[in-house]
Every structure is written in structure tokens, then in C-alpha cells.
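# Secondary and tertiary structure notes
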Number of protein chains: 2
Amino acid sequence: MKKRLMLAGFALALGAGYTLTAFSQVKPEIMVKQRQAAMTLQGKYMGPLGGMAAGKVPYNADTVAFNAAMLDALSRMPWDGFAESSKDAGVKTAALPAIWSEGAKFKEAQDNFQSAVQALVKVSRSGDEAAIKAAIGATGKACGACHQNFREKQN
Amino acid sequence: MKKRLMLAGFALALGAGYTLTAFSQVKPEIMVKQRQAAMTLQGKYMGPLGGMAAGKVPYNADTVAFNAAMLDALSRMPWDGFAESSKDAGVKTAALPAIWSEGAKFKEAQDNFQSAVQALVKVSRSGDEAAIKAAIGATGKACGACHQNFREKQN
């Protein structure tokens, strides 16, 4: 059975006020766990697309469309988990201090990523394989740009 | 800035074949990590709604609508992480053997949960607070029903 995502034309009222109110009660270590969960799942749905764009995984238009849809939601999930109160959560995290000292730049990197994902969602239904692969590349670049500046180097 | 989820009318071709093909290469311990991440985020977006339905958190229609939209995507994410190959992943998991020995029942519990979430998404834009709280309750019940049979008791 196919199920439709029923989010048509749904404007997200995701202002800063909303974020602060909703999450002011969440413990710092839970915030870290939740934002890491969002990153883990971005990896799950981005990984195969990167493989396709690089020609290492067989291209599958349905997988691209589905994964892009999941990334559309996931790209909205990590950011409130970087609230000021999560700065010294006392748990292992690769989050760099620049997240808090360069907040505007961090926000810009989030926006770039979300815009890249939304462009990918749009093009994913076009059937234009070259354009889709380019959009995957742009999304991967947006992931990397944020990691470059705001995540500890990974081994 | 408000951003729209651009998933309007997008039919998800999420058959069993797709799932097996796409994830046959994923290591068992990664599958466990990814499915646990999806559960963590379901908790993140379901928690405040449960609080609202129980009258412990102030009711906020925007939060309900946003969280329901996130749950719509998240409710599709954990299940391929329970592939047969993840049965003995060698990492800590609360997944019970019934997941694999009672596959049809597990699938039914997933479907019930997804249906409850989709009903919540639909009603979340109605402005009918009583109906919305009932839909939250039904979703929570679907979470619990699956945990009851397929997750180790939590302390």
C-alpha cells in the first residue's frame, strides 16, 4: 500500500519564539541525543543519494524521491537541539564552540542546507537525472560546509 | 521565515522490495543506531503532544501541527532498520524477538501507528481542540501497543 505524505501546503510556524518555548524544559543531554539522532538519520537518507551521484550505487528515482522527502523533514529537526543550555551538556559531542560564538553563521549554514534539500525535493520529481544528481551534490556540499566549521574533525 | 514542506501529493513507493534492496548493505549495528534515532525523535515530537493532551503542557495549535508533520515523516523511518540481518547486531537494544517471530503482527502495529499519525496530521489543521487531543491520545496508544509487544520493558 502506498501512503501519501499529507503535508500539502502546510506552512510551518517555526519561529525562534516557538523553539525556545517548546524546548526550554528539555535537559541538555537529551537535546544532544535528539540532535545527534537527527544527524544519524540525515546520514541514513543522504548516504545512498551521495552514492548514486558518485555512480557507486545504482540510480533509483523512487529512492531519491523518498529520501529527499525524509530529508525535507529531517532538515528541520536538529537545530533547536543546539540551544545555549546544551552548550555544556556533559556528554560526548562533536559540536564546536563556534556554534554558539558564531550563531549567525551557524544559522546561515542551516538555511543553506534546508534550501538545498528543498531544491532537491523539487527536482526529485522531474525525472531529469542530471539535474537530480546536481541537486544531490549541492545538498552534500551544504552538509559538508556546516561540518567543516561547526563539527569536530572526524577520524 | 516560514518554509513549506513541499511534499504535496507525493505517493511513496515504499514496497518491501525497495526496503530490502536499499538496505541490504547496511551493517546490523548501524541499522540499530538508525532505528533507535527514529524512536528518539518520535519521542521528541510526541512528548509535548502527550503533555498537551494530558493538560500538563499548555495547548499550542502550531506546535501540534508542526510536530504532527514531523511525526508523519518519522513514522516511516524505523521499520527497515528491523531487517532480519539486524537480529543479532551485538549492540544494546530493547527489541524483542517477537519482532521477527511475529512479523505480521509487528507490521500491523506499524501500520496502526502510521494511520494514527496520519489521522493526527489531518485533524491538526482543523482547529478542533477536542478532536486534536483525541487524535493525540490515539497516536500515543498506538506507540504503546507496539512497545507492549515488541520492546523490552523499560525501567
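This section reports on the structure supplied with the text. Note that the structure is predicted; figures quoted are calculated from it, not measured. (Residues numbered from 1 in each chain as written. Chains lettered and ligands numbered in written order. Predicted model: local features only at pLDDT ≥ 70, side-chain atom pairs only at ≥ 80, totals over all residues. Heavy atoms only, no water.)

As a further point, take the overall build of chain A. Looking only at helices and strands, one finds six helices and two strands in chain A. Counting from the amino terminus, helix and strand elements in chain A follow one another as β-β-α-α-α-α-α-α. The contacts in chain A between residues at least 6 apart in sequence include a share of 75% that link residues at least 24 apart. Here chain A has roughly 7600 Å² of accessible surface; of this, 55% comes from carbon and sulfur atoms. (Helix = DSSP H or I, 4+ residues; strand = E, 2+ residues; numbered from the N terminus. Contact = heavy atoms within 4.5 Å. Areas by Shrake-Rupley, 256 points an atom, 1.4 Å probe, with all protein chains shown as cover.)

Quick look at the side chain of B:Thr139 now. Here B:Thr139 lies in helix 6 (residues 129-150). Judged by relative accessible area, B:Thr139 falls into the buried class, the value being 0%. (Buried < 20%, exposed > 50% of the residue type's maximum accessible area, 1.4 Å probe, protein only.)

Moving on, we get to the packing of helix 2 (residues 28-53) of chain B against helix 6 of chain B. Residues and elements named next belong to chain B. With their axes 9 Å apart at the nearest point, helix 2 and helix 6 run at an angle of 125° to one another. It follows that helix 2 is oblique to helix 6 by the angle criterion. Crossing handedness for the pair helix 2 and helix 6: left-handed. Of helix 6, the residues touching helix 2 (which contributes Met46, Leu49, Gly50, Met52 and Ala53) are Lys133, Ile136, Thr139, Gly140 and Cys143. In the contact of helix 2 with helix 6, the residues fall into six nonpolar, three polar and one charged. (Axes fitted to C-alpha atoms, helices over the stretch in contact; angles between N-to-C directions. Parallel < 35°, antiparallel > 145°, perpendicular 65-115°, else oblique. Left-handed = near helix turned anticlockwise from the far one by under 90°. Nonpolar A, V, L, I, M, F, W, Y, C, P; charged D, E, K, R; others polar.)

Turning to the packing of helix 5 (residues 103-123) of chain A against helix 6 (residues 129-150) of chain A, a few remarks are in order. Helices that pack against each other are described as a pair by the angle of their axes relative to one another and the distance between those axes. All names here are of chain A. Packing of helix 5 against helix 6 brings their axes to within 9 Å, and their N-to-C directions diverge by 165°. Considering their axes alone, helix 5 and helix 6 lie roughly antiparallel with respect to each other. For the pair helix 5 and helix 6, the crossing hand works out as left-handed. Judged by residue contacts, Lys105, Phe106, Ala109, Asn112, Phe113, Ala116, Val117, Leu120 and Val123 of helix 5 engage Ala131, Ile132, Ala135, Ile136, Ala138, Thr139, Ala142, Cys143, Cys146, Asn149 and Phe150 from helix 6.

This part is about the nonpolar core. Membership of the largest hydrophobic core comes to 72 residues, with the highest contact counts inside it found for A:Leu41, A:Met77, B:Leu41 and B:Met77. Excluding its chain neighbours within four sequence positions, the residues that come into contact with A:Met77 are A:Ala38, B:Leu41, B:Lys44, B:Tyr45, B:Met70 and B:Leu74. (Core = buried A, V, L, I, M, F, W, Y, C linked by side-chain atoms within 4.5 Å.)

So, on to the environment of A:Ser126. Residue and element names in this part refer to chain A. With respect to the secondary-structure elements, Ser126 resides in the loop between helix 5 and helix 6. On the basis of relative accessibility, which here comes to 42%, the residue Ser126 falls in the partly exposed class. Residues Ser126 and Gly103, 23 residues apart in the sequence, show an inter-C-alpha distance of 35 Å. In this structure the side chain of Ser126 is engaged in a polar contact, spanning 2.6 Å, whose partner is the backbone oxygen of Val123. Side-chain polar atoms of Ser126 contact the backbone nitrogen of Asp128, separated by 3.1 Å. (Polar contact = N/O pair within 3.5 Å; in protein donor to acceptor, adjacent residues only side chain to side chain.)

In the structure shown here, the tally under the stated rule is zero disulfides over all chains. Here B:Cys146 stays unpaired: no disulfide links it, and the sulfur of B:Cys143, its closest cysteine neighbor, is 8.7 Å away. (Disulfide = S-S within 2.5 Å.)

Attention now goes to helix 2 (residues 28-53) of chain A. With 26 residues, helix 2 of chain A should cover 38 Å at 1.5 Å per step; its first-to-last C-alpha distance of 37 Å lies within 8% of that length. At the C-terminal side of helix 2 of chain A, A:Gly55 shows a positive phi close to 75°. (Expected span 1.5 Å × (residues − 1).)

All names here are of chain A. Mapping Ala109 onto the fold places it in helix 5. Considered as a pair, Ala109 and Cys143 are 34 residues apart in the sequence and their alpha carbons are 8.5 Å apart. With residues up to four places along the chain from it excluded, the contact list for Ala109 reads Cys146 and Phe150.

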